[in-house]
Amino acid sequence: QDLIGRYKRLRGFNVQIIPGQDHAGIATQSVVSKQLIAKGVQPSSLTRDEFVEHVWEWRKESGDAILKGFKALGCAFDWNATRFTLDEDYVEAVLTTFIDWFNRGLIYRGKRIVNWDPVLHTSVSDIETERKTINGKLYVIRYPFADGSGEVHIATTRPETMLGDVAVAVHPSDERYTAMVGKDVIVPLVARRIPIVADLYPDPEFGSGAVKVTPAHDPNDFEIGVRHQLEPIVVLDESANVCFEGPYQGLNRYEARKRIVADLEASGQLVEIRDHAIPIILSDRSKEVIEPLLSEQWFVRQTELAKAAYEAVNDGRITLIPENKDKVLLDWLENIRDWCISRQLWWGHRIPVYYTAEGTPYAATSWEAAQALAGDEPIIEQDKDVLDTWFSSGLWPFAVLGWPQKEFDHYPTDVLVTDVGIIYLWVARMAMMSLDLKQEIPFKEVYIHATVLNEKKERMSKSLGTGVDPEPVINTVGADSLRYTLLSQAGMNQTIIYSEKRVEEARNFCNKIWNAARFVLMNAGNTPPQRPDEFQPEDRWILHRLAETEVATRKAYDGYDIMSASHALTTFFWSDYCDWMLEVAKPRLNDPEQRDACLWVLLECFEVFLKMLHPIMPFITEEVFMNLPLIEKQRFIMATDWPLHVKHYLDPAAAQRVERWFDIVRAARALRADLEIDPRKTISRLYIEGDLEGGEAILRSQAWFEELVVGKPESGFVSGFAQGVEFHLLTESIDKDKLIDKNRKEVVKCESELAKANERLGDSQFIDRAKPEVIEKMRQSVVELQERIEKATQRIAVLESR
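Let me sum up the structure you'll find in this document. Just so it is clear, the structure is predicted and the values come from calculations on it, not from any experiment. (Residues numbered from 1 in each chain as written. Predicted model: local features only at pLDDT ≥ 70, side-chain atom pairs only at ≥ 80, totals over all residues. Heavy atoms only, no water.)

## Side note on the packing of helix α15 (residues 479-487) against helix α16 (residues 500-524)
Rule in force here: In this description, a line fitted to the C-alpha atoms serves as the axis of each element, helices being fitted only across the stretch in contact, and the angle between N-to-C directions of two axes falls anywhere from 0 to 180 degrees. Secondary structure counts use DSSP, requiring at least four H or I residues in a row for a helix and at least two E residues in a row for a strand, with both numbered from the N terminus. Any angle from 65 to 115 degrees is called roughly perpendicular, while one under 35 is roughly parallel, one over 145 is roughly antiparallel, and all others are oblique. The hand of a helix crossing depends on one turn: near helix anticlockwise from the far one by less than a right angle means left-handed, and clockwise means right-handed. The contact definition used throughout considers only heavy atoms, calling two residues in contact when any of these lie within 4.5 Å.
Interhelical geometry of α15 versus α16 gives an angle of 120° and a closest axis separation of 8 Å. On the basis of the axis angle, α15 is oblique to α16. Viewed along their axes, α15 and α16 form a crossing whose handedness is right-handed. Residues Asp480, Ser481, Tyr484 and Thr485 of α15 lie in contact with α16, whose contacting residues are Arg502, Val503, Ala506, Arg507, Phe509 and Cys510.

Next comes the structure, spelled out in structure tokens:
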């Protein structure tokens, strides 16, 4: 968010990024409850108001930790506009929405299957759960026909729920059961008579193809029950204990399963038990297995609301980035179900429904308002549940701007940056709520950022101990290093790997910037140099590269491809500016006639680079910028404009000419390295054959030769070639015998390793046993060894011939 905001400010936009927090109903209540228990206070011993008071005290101490983290990271948000979903005016937006939807029939109370946490005793949303697969069992049970004509085999992973079976379902195309549809079977152990129904849900390929239908404890079974008008039977209570009258009553679901399986086996009704992988859903907070439970809750009818959101995404008014996320959201909106918005908690927006003694509900902003609606019938209580946190969060784009108290012009917002895990829970809800309540889309673009994983590629979690606290990292290496570590990996990918090595590399980049700044400032002094009338070829090259980098960076920022922007900026600064331009500049900085022109180019490149890097690294860029001696300089980078003017520096021909010189320099350096000549040692002369096109000074200074001589020596030399230029180095500059001996040892060593590798690759038993990747790695090693032998042999031949 901060990167986009800073970039857009540089591009001339008015930017407002509103920071804030939701009240995180379940998470917050869970934390405070644990703290109270640790102090010896049972939350159940408190009144609702007393508990909420403890939560507010906790929030006062710890509630702003995330916002403090954003500030430490240098996020330039509109901190004066910070909002909290339990702020007084925000509460008004929530009440207004609920009452409006209640009166329009969009909100209703009814019994449906919900994700139920048996420990926290509340329904939870999908985002508050995690899915995993465990090794379990599949139980195959005999269900005899009521008329005694045979039996149907039913496969289930949860035999304890058979106490609530109300039907057996088979697929209408399954020929095995066509003649059985309409007949009754007897539920084992319960002796309940239930029908066989034809329904599209059962998979003929799974188990026996026939499934038991328990509408009160499975969402798919619930839908079957609705389609066939089957009365659900609740057999597990809110603690996941058996509440069905009989021998299993009071047992928890796992104890009941053992007893039921034992009784089925004893009665001869258990056909078999198979090992089976079972998908389960865990509560994110309690880590308890979620129980699908038929419960009376408040729901929102989402079908009509979803149509407008679907159209907005489908016609491009709302765009998700990466673009493949559009389909994810469209699929969900197209198959949307009613939304359970009630939670059995004390912390949050209490549902604004009040009841008379007869149970008549009235939605109102207060008890007094509800009484006015009820007339002579006295209001006796308010609904005890609170709203799902996502209900209030869904109003965020316009509630934070003052809705419904005031109108505002700057709507819809431009971009939302969020996580892939809440596309359904937040992005979809904001779209539906905004289009219904404001008749406008809430935002134009949604950038789905990557998920940060630790070095072991695990999702970060405090409870699992896999997270990283950013504060010590910032205190140790600085916010810019942490920002660069994350942002330099952010683009269209959906995972980021956090590692100490990457943080160290980011810190090294910061140090590189700082040291380069010290060098330039040491040479520049306090007087801004004037722009030269004419540029040297190397000046035109670096300015051309600067312009190319600006184009690449601007395109990457515009497309949310921050990884590519980071790569372009790092390559320019580290390779082009530091490794080449600063080195080429050193002789010119010692020349009074060239000094000012060279300084102007160095400062121009540094200034533009800092502006482009600023959205990623705000601290070091502001610090260095403040010290640059520039003409008509703004006080802060954030107050400047994006450097579009550098497009005039594009000069491909000049850049190509200098790049040719650098290629020749690289080749000359490589020759020196092959001959093991210390780069700190300056060689007296290099012989040249070919046209350098004016690059003599750069080749001499950057390849470390005192003199360039045109022509070819008569004897005693080694040669190199690059870009149409052949160059020769006298062997008197090297210890020839020592180098020949070293290369011979290299040949012997490589040949020995090559023989071993070829022997293993020729062993059929090894080939049969080894993993394909091991074999491929060994084959690559053979190629590399052959290349090393060839290179060393060529060096020996050259040295011996001279």
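## Concerning a negative patch on the surface
Using the following cut-off: Each patch is built from residues that are more than 30% exposed by relative accessible area and take part in no salt bridge. Like charges join if they lie within 9 Å; nonpolar side chains (Val, Leu, Ile, Met, Phe, Trp, Tyr) join within 5 Å. Where accessible areas are quoted, they stem from the Shrake-Rupley method and a 1.4 Å probe; at the residue level, only the protein chains shown are allowed to cover. Salt-bridge detection follows one rule: a side-chain nitrogen of Lys or Arg within 4 Å of a carboxyl oxygen of Asp or Glu. By the counting scheme adopted, Arg and Lys are positive, Glu and Asp are negative, and His together with the chain ends is not counted. A single reference atom marks each charge: NZ on Lys, CZ on Arg, CG on Asp, CD on Glu. Think of it in three bands: with a 1.4 Å probe and only protein chains considered, a residue is buried below 20% of the maximum accessible area for its type, exposed above 50%, and partly exposed in between.
On the surface, Asp49, Glu50, Glu53, Glu57 and Glu61 cluster together to form a negatively charged patch. Relative to the helices and strands, Asp49 resides in helix α3 (residues 48-62). Overall, Asp49 belongs to the exposed group, its relative accessible area being 62%.

## Let's talk about the packing of helix α14 (residues 470-477) against α15
Here is the rule we go by: Classification convention: Asp, Glu, Lys, Arg as charged; Ala, Val, Leu, Ile, Met, Phe, Trp, Tyr, Cys, Pro as nonpolar; all other residues, Gly among them, as polar.
Closest axis-to-axis distance for the α14/α15 pair is 6 Å, and the angle between their directions is 120°. Listed contacts from α15 to Pro470, Val473, Ile474 and Val477 of α14 are Ala479, Ser481 and Leu482. Classifying every residue of the contact of α14 with α15 gives six nonpolar, one polar and no charged.

## Here we look at the pattern of salt bridges
Per the counting criterion, the structure on display carries 47 salt bridges. A salt bridge links Glu304 to Lys307; the shortest N-O distance between them is 3.1 Å. One end of the pair is Glu304 and the other is Lys307, both in helix α8 (residues 303-314) and three residues apart, which spans about a single turn. Since its relative accessible area comes to 45%, Lys307 is described here as partly exposed. One salt bridge connects Arg540 with Asp651, and the closest N-O pair in it is separated by 3.9 Å. Of this pair, Arg540 sits in helix α17 (residues 537-558) while Asp651 sits in the loop between α20 (618-627) and α21 (652-674), and the two are 111 residues apart along the sequence.

## Here we look at unusual backbone geometry
Of all residues except glycine, most have a negative phi; of all peptide bonds, most are trans. With omega at 0°, the peptide bond leading from Ile321 into Pro322 counts as cis. In this structure, Pro322 sits in the loop between β13 (319-321) and α9 (324-334). In this chain, Tyr411 is followed by Pro412 through a cis amide linkage whose omega measures 5°. For Pro412, the position within the fold is in the loop between α12 (396-399) and β20 (413-419). Here the phi dihedral of Ala191 falls at roughly 65°; this positive angle occurs in a residue that is not glycine. Within the element layout of this structure, Ala191 appears in the loop between β8 (184-187) and β9 (192-198). Residue classification places Ala191 among the exposed residues on the basis of a relative accessible area of 60%. Not every positive phi belongs to a glycine, and Gln229 is a case in point at roughly 55°. Topologically, Gln229 is positioned in the loop between α6 (219-227) and α7 (253-266).

## Describing the sheet that holds strand β6 (residues 151-156)
Note the cut-off: Pairing between strands requires that DSSP locate at least two bridges from one strand to the other.
The strand order across the open sheet formed by three strands is β6-β5-β11, and the pairing between neighbours is antiparallel. At either end of the open sheet lies a strand with only one pairing partner, and these are β6 and β11 (270-283). The average undirected angle you get between the axes of adjacent strands in this sheet is 20°. As paired strands, strand β5 (residues 129-144) and β6 are joined by six bridges and run antiparallel to one another. Note on β6: the bridge partner recorded for Tyr139 is Thr156.

## So, the environment of Arg795
Position of Arg795 among the secondary structure elements: in helix α25 (residues 772-801). For Arg795, a relative accessible area of 23% translates into the label partly exposed. C-alpha of Arg795 to C-alpha of Gly182: the two residues are 613 residues apart in sequence and 90 Å apart in space. The contacts of Arg795, once residues within four sequence positions are left out, are Asp674 and Asn743.

## Focus: helix α13 (residues 423-437)
In plain terms, the rule: Multiplying 1.5 Å by the helix residue count minus one yields the expected span of that helix.
In this model, α13 (15 residues) spans 20 Å end to end at C-alpha, consistent with the 21 Å of a helix rising 1.5 Å per residue. Where burial is concerned, most of α13 is hidden: 14 out of the 15 residues are buried.

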